[in-house]
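Structural description and commentary
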Amino acid sequence: MNLEEVFKKLGIEDYAERIFNSNSRGELFHLEQYFVLAEEVDDTEWFAHWFKETVREAEKKWERPESVFQHIGKIFDHQVNLHEKDC
């Protein structure tokens, strides 16, 4: 699976350029997390909705909201862990 296919599978292909260019230093290590998410996430409609809401929240509250794309895997894991504790 290539990066374009990963973004399409996750339903976030409209964010591909922003994700790719989110690191001001040009580092691309954060792209690996999207491959992992594409393998782990079964309900991609839910994921796309969650992803877009997470980006909107970062745009409202973060000093440098573009960096949300570099941390999306950590944010996802954190929220899944919180949900599992509540269940």
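The structure this text deals with has already been given above.
Below: a short report on this structure. Every value quoted in this text rests on a predicted model; they were computed, and no experiment measured them. (Residues numbered from 1 in each chain as written. Predicted model: local features only at pLDDT ≥ 70, side-chain atom pairs only at ≥ 80, totals over all residues. Heavy atoms only, no water.)

**Considerations on the pattern of salt bridges**
Heads up, the condition is: In what follows, salt bridge is the name for a side-chain nitrogen of Lys or Arg lying within 4 Å of a carboxyl oxygen of Asp or Glu. Each helix is a run of H or I in the DSSP string that is no shorter than four residues. Each strand is a run of E no shorter than two, and both are numbered from the N terminus. Burial status follows relative accessibility: with a 1.4 Å probe on protein chains alone, a residue under 20% of its type maximum counts as buried, one over 50% as exposed, and anything between as partly exposed.
Inspection of the entire model under this criterion finds 5 salt bridges. Between Arg-56 and Glu-53 there is a salt bridge, with its nearest N and O atoms 2.4 Å apart. Here the residue Arg-56 and the residue Glu-53 both occupy positions in helix α4 (residues 44-61), the gap between them amounting to 3 residues, near one helical turn. Note that Glu-57 and Lys-61 form a salt bridge whose closest N and O atoms lie 2.9 Å from each other. Here Glu-57 and its partner Lys-61 are both found in helix α4, 4 residues apart, which amounts to about one turn of the helix. For Lys-61, a relative accessible area of 64% gives the class exposed. Look at the salt bridges and you will find they share partners, linking Arg-18, Glu-59 and Glu-66 into a network.

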